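As a plain string of letters, each chain reads:
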Amino acid sequence: MDIHQILKYLPHRYPFLLVDRVLDVEAGKHIHAYKNVTINEPFFPGHFPHHPVMPGVLILEALAQAAAILSFKTLGTLPTDDSVYYFVGIDAARFKKPVSAGDRLDLHVTVQAHKRGVWKYKAEARVDGQVVTEADLMCAQRDLPATAEA
């Protein structure tokens, strides 16, 4: 999937869209996507000016965005304005190496379970084939409350 297709599956936009391309996706099973990390990222001037490192929470967010694409592909649907896909849990998160400008962050997510709109995944981010982050993620799709018109 190229960026144009990704934009159909994720409501995120710059500077919070953290998936650049999907290389492989098998509905109900797994996804392999990536994020090109560049020196132009808006977080680098503050994290850290003398040694730019991608914040770990954003690596986890990139994995969750890849997971969302996998879930929508599995369900055969696209997101709507009437619902939102929430990141609801992180377990066993480990940060093994820093991610820096110039790295390609490969995002690997596998579905572990899906029940009543709650998804569990095994997620791993790699740079040059080496694991930099791993975690168990939970996400849930929920309908937004109706808003009253004035």
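Scope of this entry: the structure provided in the associated data block. (Residues numbered from 1 in each chain as written. Predicted model: local features only at pLDDT ≥ 70, side-chain atom pairs only at ≥ 80, totals over all residues. Heavy atoms only, no water.)

Topic: a nonpolar patch on the surface
Thought 1: On the surface, Y86, V88 and L144 cluster together into a nonpolar patch covering about 270 Å² of accessible area.
Thought 2: Mapped onto the secondary structure, Y86 falls in strand β3 (residues 83-95). (Patch = residues over 30% accessible without salt bridge, like charges linked within 9 Å, V, L, I, M, F, W, Y side chains within 5 Å. Areas by Shrake-Rupley, 256 points an atom, 1.4 Å probe, with all protein chains shown as cover. Salt bridge = Lys/Arg side-chain N within 4 Å of Asp/Glu carboxyl O. Helix = DSSP H or I, 4+ residues; strand = E, 2+ residues; numbered from the N terminus.)

Comments concerning the sheet that holds strand β1 (residues 21-26)
Thought 1: Strand order across the open sheet formed by 6 strands is β1-β2-β4-β5-β6-β3, with antiparallel pairing between neighbours. Across the chains shown, the open sheet's two edge strands, defined by having one partner strand only, are β1 and β3. Recorded for the sheet is a direction-independent mean angle of 20° between the axes of neighbouring strands.
Thought 2: Summarising the sheet, β1 and strand β2 (residues 30-36) pair through 5 bridges and their orientation is antiparallel. Counted as the bridge partner of D24 is H32 from β2. (Pairing = 2+ DSSP bridges. Axes fitted to C-alpha atoms, helices over the stretch in contact; angles between N-to-C directions.)

A word on the packing of aromatic side chains
Thought 1: Enumeration over the complete set of coordinates arrives at 3 aromatic pairs.
Thought 2: Centre to centre, the rings of F72 and Y85 are 5.7 Å apart; their planes meet at 45°, and the pair counts as tilted. Of this pair, F72 sits in helix α2 (residues 56-75) while Y85 sits in strand β3, and the two are 13 residues apart along the sequence. In this pair, the class of F72 matches that of Y85, namely buried. (Phe/Tyr/Trp six-rings, centres within 6.5 Å; stacked < 30°, edge-to-face > 60°. Buried < 20%, exposed > 50% of the residue type's maximum accessible area, 1.4 Å probe, protein only.)

Remarks on unusual backbone geometry
Thought 1: Each neighbour pair has its own omega, and for Y14 with P15 the value is 5°, a cis peptide bond.
Thought 2: Take P15: it is sitting in the loop between α1 (3-9) and β1.
Thought 3: A cis amide bond links H47 to the next residue, F48, at an omega of -5°.
Thought 4: Mapping F48 onto the fold places it in the loop between β2 and α2.

Some points on the environment of D2
Thought 1: Structurally, the position occupied by D2 is in the segment before α1.
Thought 2: On the basis of relative accessibility, which here comes to 27%, the residue D2 falls in the partly exposed class.
Thought 3: Sequence-wise, D2 and F95 are 93 residues apart; in three dimensions their C-alpha atoms are separated by 28 Å.
Thought 4: If we skip the residues at most four places from it in the chain, D2 touches D20 and R21.
Thought 5: A polar side-chain atom of D2 sits 3.0 Å from the main-chain amide nitrogen of H4. (Contact = heavy atoms within 4.5 Å. Polar contact = N/O pair within 3.5 Å; in protein donor to acceptor, adjacent residues only side chain to side chain.)

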